[in-house]
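Descriptive analysis of the structure
In case you want the letters, here they are:
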Amino acid sequence: MWISDTAVRRPVFAVVISLLLVAFGLVAFERLALREYPDIDPPVVSVRTTYTGASAEVVEARVTQVIEERIAGIEGIATLSSSSMDGLSLINIEFALSRDIDSAANDVRDRVSRVAADLPEEADPPEVQKTDADERVVMWLNLVSDRLDTLALTDYAQRHLVDRFSVIDGVARVRVSGGQEYAMRIWLDRKALAARG
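Reading the values: the criteria
Here, residues in each chain are numbered from 1, in the same order as that chain's written sequence. Restriction of local features to residues with pLDDT of at least 70 applies here, the model being predicted, together with a cutoff of 80 or more for giving and counting side-chain atom pairs; totals for whole chains, interfaces and linings are based on all residues. The side-chain figures draw on all heavy atoms in the structure; neither hydrogens nor water molecules are used. Buried residues of nine kinds, namely Ala, Val, Leu, Ile, Met, Phe, Trp, Tyr and Cys, make up a nonpolar core once their side-chain atoms join them within 4.5 Å. For every residue, the accessible area obtained with a 1.4 Å probe (protein chains only) is divided by the maximum for its type, and the residue is called buried under 20%, exposed over 50%, and partly exposed between those limits. A run of H or I in DSSP becomes a helix once it reaches four residues, and a run of E becomes a strand once it reaches two; helices and strands are each numbered from the N terminus. Whether two residues are in contact is decided by their heavy atoms, any of which lying within 4.5 Å being enough. Helix axes use the C-alpha atoms of the stretch in contact, all axes being lines fitted to C-alpha atoms, and the angles between their N-to-C directions lie in the range 0 to 180 degrees. Roughly parallel covers angles under 35 degrees, roughly antiparallel covers those over 145, roughly perpendicular covers 65 to 115, and oblique covers all other angles. Three residue categories are used. Nonpolar comprises Ala, Val, Leu, Ile, Met, Phe, Trp, Tyr, Cys and Pro, charged comprises Asp, Glu, Lys and Arg, and polar comprises the others, including Gly. Patch construction takes residues with relative accessible area above 30% that form no salt bridge. Like charges are linked within 9 Å, and nonpolar side chains (Val, Leu, Ile, Met, Phe, Trp, Tyr) are linked within 5 Å. Using the Shrake-Rupley algorithm and a 1.4 Å probe, accessible areas are obtained, with residue cover drawn only from the displayed protein chains. When a carboxyl oxygen of Asp or Glu is within 4 Å of a side-chain nitrogen of Lys or Arg, the pair counts as a salt bridge. Looking at any residue, its pLDDT shows the predictor's confidence there, from 0 to 100.

Looking now at the nonpolar core. The biggest cluster of nonpolar side chains holds 20 residues, and the ones touching the most others in it are V47, I67 and V108. Counting residues per element, the ones that place at least two in this core are β1 (44-50), α3 (56-71), β3 (88-95) and α4 (101-115). A total of 5 residues in this core trace back to one element, the largest contributor, which is α4. The residues touching V47, leaving out its near neighbours within four places in the chain, are I67, I71, S89, L90, I91, I93, V108, V112, P126, E127 and V128.

Have a look at this one:
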């Protein structure tokens, strides 16, 4: 028992060693990982396309299948699932755990941008989003201005803030809610239209 003998013969040395152990313990405690288990959530990328006014069969044939055929060859796909409903196409691509979600999303964006010309003109451009099984809202930001109204603030957020926040590492999705969008109503005079051909 040389440890106890040394501690009795040299108490100052024992106290210094004890304090060093406590200091190393505190430093190690601060650097512990936040998760006790490894991150096993698979990287998932979703493609959402709106085709207003089209039936589910038309969406399936002219949007969903076209995008699926183009995406199918991407490296590391574990499962590819899709659903088509009236006016909406949703495609979820789950990648292998070893695949980085940012590079996977970039590959999907690249393939979807190539297929955009083959989609119907009436369909909105496909939206590619990174999703996470552990996704939850982390931060809400509220925009207030004494010079801009709600319409202008919504426009500013969509033009300038969404893209900047989306490229930050670890951000899965940026959503603008509670805003107002510009809209225009047009009443047509049938007689005036008929008179002008």
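Having seen the model, we can carry on.
Running from N to C, helix α1 (residues 2-9) and helix α2 (residues 11-30) cross one another at 115°; their axes reach a closest spacing of 5 Å. Between α1 and α2, the angle is such that the two are roughly perpendicular. On α2, the residues touching T6, A7, V8 and R9 of α1 are P11, F13 and A14. Residue composition of the contact of α1 with α2, grouped by class: 5 nonpolar, 1 polar and 1 charged.

Among the surface-exposed residues, V12, F13, V16, I17, L20, L21 and F24 lie close enough to one another that they form a single nonpolar patch of about 710 Å² accessible area. Mapping V16 onto the fold places it in helix α2.

This part takes up the confidence of the model for the protein. Confidence in the prediction of the protein, expressed as mean pLDDT, is 84, and 93% of residues score 70 or more. Mean pLDDT values for the elements of the protein range from 80 in α1 up to 91 in helix α6 (residues 190-195).

This brings us to the pattern of salt bridges. In this structure the tally under the stated criterion is 6 salt bridges. Of the charged contacts in the structure, one is a salt bridge between R99 and D107, with a shortest N-O distance of 2.2 Å. Overall, the relative accessible area of 15% leaves R99 in the buried class. Take D107: its relative accessible area is 31%, and that puts it in the partly exposed class. In this structure, D155 engages R159 in a salt bridge whose closest nitrogen and oxygen atoms are separated by 2.9 Å. Highlighted residues: D155 and R159, both in helix α5 (residues 150-166), separated by 4 residues, approximately one helical turn. For D155, a relative accessible area of 25% puts it in the partly exposed group.

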